[in-house]
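Descriptive analysis of the structure
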Amino acid sequence: TSCTIKDMPTLDAVLDLIQPQNLPVGVHDSPQHKVWFEKGKVALKNYHGQLGVLLTAYDCFMQSSEAYSYMGIALILGAASYTPKGYDLTGLGQAVSWLDKALPHDYLQAGLIEAYLRGGFDQFEKAHSILDKLPDCLEVKMLRHTLLTQELKRTEAEGLFAELTMMVQPEQQQDLNL
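Small disclaimer: the values here were computed from a predicted structure and weren't measured. (Residues numbered from 1 in each chain as written. Predicted model: local features only at pLDDT ≥ 70, side-chain atom pairs only at ≥ 80, totals over all residues. Heavy atoms only, no water.)

Helix and strand counts for the protein chain stand at nine helices and two strands. When the elements of the protein chain are put in sequence order from the N terminus, they spell out α-α-α-α-β-β-α-α-α-α-α. Each of the 178 residues in the protein chain was classed as buried or not, and the buried ones make up 39%. Of the contacts made within the protein chain by residues no fewer than 6 positions apart, 65% connect residues no fewer than 24 positions apart. In the structure as shown, the protein chain presents an accessible area of about 10,600 Å², 58% of it carried by carbon and sulfur atoms. (Helix = DSSP H or I, 4+ residues; strand = E, 2+ residues; numbered from the N terminus. Buried < 20%, exposed > 50% of the residue type's maximum accessible area, 1.4 Å probe, protein only. Contact = heavy atoms within 4.5 Å. Areas by Shrake-Rupley, 256 points an atom, 1.4 Å probe, with all protein chains shown as cover.)

Time to look at the environment of Leu103. Topologically, Leu103 is positioned in the loop between helix 5 (89-102) and helix 6 (107-120). On a C-alpha basis, the gap between Leu103 and Tyr68 in space is 9.9 Å, while along the polypeptide they are 35 residues apart.

A full pass over the atoms with the stated rule returns five salt bridges. Salt-bridge contacts for Glu114 lead to Arg118; the nearest nitrogen and oxygen are separated by 3.3 Å. Placement of both Glu114 and Arg118 in helix 6 is noted, with a separation of four residues, approximately one turn of the helix. We classify Glu114 as partly exposed; its relative accessible area is 27%. As a salt-bridge pair, Lys141 and Asp136 come within 3.9 Å of each other at their nearest N and O atoms. Judged by its relative accessible area of 64%, Asp136 is exposed. (Salt bridge = Lys/Arg side-chain N within 4 Å of Asp/Glu carboxyl O.)

Time to look at the confidence of the model for the protein chain. For residues with low pLDDT, the predicted coordinates do not support detailed interpretation. Taken residue by residue, the protein chain gives an average pLDDT of 82. The fraction at 70 or more is 89%. Taken element by element, the protein chain is modelled with least confidence in helix 9 (residues 170-175), mean pLDDT 61, and with most confidence in helix 2 (residues 31-44), mean pLDDT 92. For residues 1-5, every residue scores under 50 in pLDDT, and the model assigns this stretch nine contacts once sequence neighbours within four places are set aside. (pLDDT = per-residue confidence, 0-100.)

A cluster of nonpolar side chains, Leu160, Leu164 and Met167, forms an exposed patch at the surface whose accessible area comes to about 320 Å². The residue Leu164 is located in helix 8 (residues 138-167) in this model. (Patch = residues over 30% accessible without salt bridge, like charges linked within 9 Å, V, L, I, M, F, W, Y side chains within 5 Å.)

Residue position: Glu38 is located in helix 2. Overall, Glu38 belongs to the partly exposed group, its relative accessible area being 25%. For the pair Glu38 and Gly72, spaced 34 residues apart in the sequence, the C-alpha separation amounts to 9.2 Å.

Attention now moves to the packing of aromatic side chains. All told, the structure shown has five aromatic pairs when counted by the stated rule. Both rings, one in Tyr82 and one in Tyr87, keep their centres 5.1 Å apart while their planes meet at 70 degrees; by these two values the pair is edge-to-face. On the basis of relative accessible area, Tyr82 is assigned to the partly exposed category, the value being 42%. Here the aromatic cluster, defined as three or more aromatic residues joined through ring pairs, consists of Phe37, Phe61 and Tyr68. (Phe/Tyr/Trp six-rings, centres within 6.5 Å; stacked < 30°, edge-to-face > 60°.)

Here is the structure:
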């Protein structure tokens, strides 16, 4: 279930979740740690504004390695940065900072996360460029589809706005701040 906008956790509340003492600092990647990272990603796919979903994903990411936990935190902050008006750039900036700490580890996962965050910044060309460098797999194809959908929605919205602006008389445009 989704929640109302007023019920969505604030970026500060999400940042408060991230406790440095819980991070698996010094823990190296292993197949088991990757499993925990993947579990966190699956949990995060159910995020629709509920803090509990972020907590579940966070708990999974903290069972992974140092690098995967950093990538997981980047994903959490990316998800929590989405608002009905678009992405909160401060939150995306925080996400990029956490992703930078994970580099250079799992090239595929880091690339997918970076492309996802670039889409949040409306840097679709850069996002597609990153995806072009990654192996051709289902996750890359799914993210490419998501980015294309975001671009199309943005383009359609801009086109609709232009059409509506043209329909409004010049004297009304001033009243509407167009």
